[in-house]
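Coordinate inspection notes
So the chains spell out like this:
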Amino acid sequence: MSAGDEVAARWRRDPEEAAALVRELVAGGELAADEVLDEAVDSAVLTGLLVLQEARATSDPGTAAELCLSAIPTSCPRSG
């Protein structure tokens, strides 16, 4: 798992924890913040595309909605 993958995975659980990880990763000077964040965005986009592909393949709208909601970080406010 790359640093970006780890940041993206943590972002889904706790954005503050993900930000702390980015600061930790760049503090050593081996990685640049933009490099880590670019990898994290790539990972998040890929995850989202895979979820959308799976949702598109299901015939049940409720299941499709649940799949899409599962791609949203738990800390994001949801209406309803």
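Residues numbered from 1 in each chain as written. Predicted model: local features only at pLDDT ≥ 70, side-chain atom pairs only at ≥ 80, totals over all residues. Heavy atoms only, no water.

Right, let's get into the overall build of the chain. Broken down by element type, the chain carries 4 helices and 0 strands. Ordering the α and β elements of the chain from the N terminus gives α-α-α-α. Here the chain has a C-alpha radius of gyration of 15 Å; the compact-globule value for 80 residues is 12 Å, and the former is much larger. Dimensions of the chain along its principal axes, counting C-alpha atoms only, are 50 × 25 × 15 Å. Within the chain, the proportion of its 80 residues that are buried is 21%. (Helix = DSSP H or I, 4+ residues; strand = E, 2+ residues; numbered from the N terminus. Rg over C-alpha atoms; globule rule 2.2 N^0.38 Å. Buried < 20%, exposed > 50% of the residue type's maximum accessible area, 1.4 Å probe, protein only.)

Their axes nearest at 6 Å, the elements helix H1 (residues 3-13) and helix H2 (residues 15-27) cross at an angle of 155°. Compared by their axis directions, H1 and H2 come out roughly antiparallel. The residues of H2 that touch H1, namely those facing Ala3, Glu6, Val7, Arg10, Trp11 and Arg13, are Pro15, Glu17, Ala18, Leu21, Val22 and Leu25. (Axes fitted to C-alpha atoms, helices over the stretch in contact; angles between N-to-C directions. Parallel < 35°, antiparallel > 145°, perpendicular 65-115°, else oblique. Contact = heavy atoms within 4.5 Å.)

Before going further, it helps to examine the environment of Val36. Topologically, Val36 is positioned in helix H3 (residues 33-57). The spatial distance from the C-alpha of Val36 to the C-alpha of Leu25 is 8.1 Å, given a sequence separation of 11 residues.

So, about the nonpolar core. Membership of the largest hydrophobic core is limited to 7 residues, which are Val7, Ala8, Ala18, Leu21, Val22, Val36 and Ala40. Counting only elements with at least two residues in this core, the list comes to H1, H2 and H3. A per-element tally of this core places H2 first, with 3 residues. Leaving out residues up to four positions away in the same chain, Ala40 has contacts with Gly4, Val7 and Ala8. (Core = buried A, V, L, I, M, F, W, Y, C linked by side-chain atoms within 4.5 Å.)

Time to look at the environment of Leu31. Relative to the assigned elements, Leu31 resides in the loop between H2 and H3. A sequence separation of 28 residues divides Leu31 from Ala3, and the C-alpha atoms of the two residues are 9.1 Å apart. Not counting residues within four places of it along the chain, the set of residues in contact with Leu31 comprises Ala3, Leu25, Val26 and Val36.

Remember, this is a structural readout, not a statement about activity or role.
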